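Here's the letter readout for the chains.
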Amino acid sequence: MDKRSKLMTGQWFSHLPVSFQDSLLAAARERRLTAGQRLFQRGDAPCGLYAVLDGAIRIGAVSEQGKEALLSLVEAPHWFGEICLFDGQPRTHDAYAVGPCTLLNIPQHTLLKLLDEQPLYWRHLALLMSQKLRLTFINLEQLSLLPAPARLAHRLLLIAEGYGELDSPRRVLQLPQEQLASMLSLSRQTANQILKDLQGQGIIGLGYGEIEILDAARLRALTTL
């Protein structure tokens, strides 16, 4: 599958004007990362917009005590890095490749030049950022109001649906339990117990480093508890 075809499986890129799609692809540079390789870290200067073609990027931060906060796993065909386009400020978090990863990068100066020439394109980037802001507010609300099992069920569904990016939800998630626990601010033991309970009910299946959603309807029903 070529670059355009992969990106067209995502909601954001597929709804862009064809002219904007063409401009992004023309300006894009392919970048490959090895497992664990850093893409950028908090405080780095803006380096443009990225799209994941293969693999996944871990977005998070590490405290002075060495504790990691995992915010999200960015997988194909997601775009990320747009915040710095709006304010020109340094990167807010760290980004590392989970495994071998292939990205597209549109450099900051190239994209800003394009946006100067076509200011209507700013709206599409604002939509990309607003979708993520909406999800952030939802996650904050759930952290305060929902019990851990409901939060975990909701996050599994979000990941399966590519956080609203994928046309067809995935059934199998390449997601180690410790990473899921970190995203939800849960201990690994708590997350493991919830997953085992869901497995016992036949709602999910557990494998090495992966979670399979067997009954999405029952999993969704748990998110309202």
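Here is what the cut-offs are and how they apply
- Residues numbered from 1 in each chain as written.
- Predicted model: local features only at pLDDT ≥ 70, side-chain atom pairs only at ≥ 80, totals over all residues.
- Heavy atoms only, no water.
- Helix = DSSP H or I, 4+ residues; strand = E, 2+ residues; numbered from the N terminus.
- UniProt positions renumbered as here; feature names shortened; annotations may be inferred.
- Pairing = 2+ DSSP bridges.
- Axes fitted to C-alpha atoms, helices over the stretch in contact; angles between N-to-C directions.
- Phe/Tyr/Trp six-rings, centres within 6.5 Å; stacked < 30°, edge-to-face > 60°.
- Buried < 20%, exposed > 50% of the residue type's maximum accessible area, 1.4 Å probe, protein only.
- Core = buried A, V, L, I, M, F, W, Y, C linked by side-chain atoms within 4.5 Å.
- Contact = heavy atoms within 4.5 Å.
- Disulfide = S-S within 2.5 Å.
- Expected span 1.5 Å × (residues − 1).
- Arc of directions from axis to C-beta.

## Here's the deal with unusual backbone geometry
If a residue is not glycine, its phi is most likely negative; likewise, a peptide bond is most likely trans.
Inference 1: Residue P77 follows A76 across a cis peptide bond; omega there is 5 degrees.
Inference 2: Here P77 shows up in the loop between β5 (68-75) and β6 (79-80).
Inference 3: For S185, which is not glycine, the phi dihedral falls at a positive 55 degrees.
Inference 4: Within the fold, S185 resides in the loop between α8 (177-183) and α9 (188-200).

## Concerning the UniProt feature "domain: Cyclic nucleotide-binding" (unreviewed entry) in the protein chain
Inference 1: UniProt tags residues 12-115 as "domain: Cyclic nucleotide-binding" (unreviewed entry).
Inference 2: Secondary structure over residues 12-115 splits into 25% helix and 39% strand, and the C-alpha atoms at its two ends are 17 Å apart.

## Quick notes on the sheet that holds strand β2 (residues 38-40)
Whenever strands of a sheet pair, they do so through backbone hydrogen bonds, lying parallel or antiparallel.
Inference 1: An order of β2-β7-β4-β5 is seen for the four strands of this open sheet, with the pairing classed as antiparallel. Sheet topology places β2 and β5 at the edges, where each strand pairs with a single neighbour. Strand-to-strand, the axes of this sheet are offset by a mean angle of 30 degrees, without reference to chain direction.
Inference 2: Of the pairings in the sheet, the one linking strand β4 (residues 56-62) to strand β7 (residues 94-97) comprises four bridges and is antiparallel in character. Opposite I57, over in β7, you have A97 as the bridge partner.

## Overview of the packing of aromatic side chains
Inference 1: Taken as a whole and assessed by the stated rule, the structure comprises seven aromatic pairs.
Inference 2: Measuring from centroid to centroid gives 4.2 Å for F20 and Y121, while their planes differ by 10 degrees, and the two rings are stacked. Linking F20 in helix α3 (residues 18-27) with Y121 in the loop between α5 (108-117) and α6 (122-145), this pair joins segments that are 101 residues apart in sequence.
Inference 3: For F20, a relative accessible area of 0% corresponds to the buried category.
Inference 4: Note on Y121: relative accessible area 8%, which makes it buried.

## Some points on the nonpolar core
Inference 1: Counting 29 residues, the largest nonpolar core has L152, L156, L175, L180, M183, L198 and L219 as its most contacted members.
Inference 2: Taken together, the elements giving at least two residues each to this core come down to β5, α7 (148-160), α8, α9 and β11 (210-213).
Inference 3: With eight residues, the top contributor of residues to this core is α7.
Inference 4: Not counting residues within four places of it along the chain, the set of residues in contact with L175 comprises L73, L156, I159, L180, M183, G209, E210 and I211.
Inference 5: In terms of nonpolar packing, the next biggest core, distinct from the first, is built from 19 residues, L16, L53, Y121 and L128 among them.

## Side note on the pairing of β4
Consecutive side chains of a regular strand alternate in pointing toward one face of the sheet and then the other.
Inference 1: For β4, a buried count of five out of seven residues is recorded, marking the element as mostly surrounded by other parts of the structure.
Inference 2: In this sheet, β5 lies alongside β4 in antiparallel orientation, the contact comprising seven bridges. Residue pairing in the sheet places G60 in a bridge with L70 of β5.

## Re the state of the cysteines
Inference 1: Within the structure shown, the criterion is met by zero disulfides.
Inference 2: Note on C47: no disulfide assigned, nearest cysteine sulfur contributed by C84 at a separation of 7.4 Å.
Inference 3: Cysteine C101 shares no disulfide, and the gap to the nearest cysteine sulfur, in C47, comes to 14 Å.
Inference 4: C101 gets classed as buried once you look at its relative accessible area, which sits at 2%.

## Some points on α9
Inference 1: Over its 13 residues, α9 runs 18 Å from end to end, which matches the ideal 18 Å to within 8%, given 1.5 Å per residue.
Inference 2: Inspection of α9 places A191, I194, L195 and L198 among the buried residues, and these make up the whole buried set. Buried residues of α9, viewed axially, fall in a sector of 95 degrees; they line one side. Facing away from the buried surface of α9 by more than 90 degrees, the exposed residues are Q189 and G200.
Inference 3: Close packing links the buried residues of α9 with α7, α8, β10 (204-207), β11 and α10 (216-221).
Inference 4: With its phi angle positive at about 80 degrees, G202 sits one or two positions after the end of α9.

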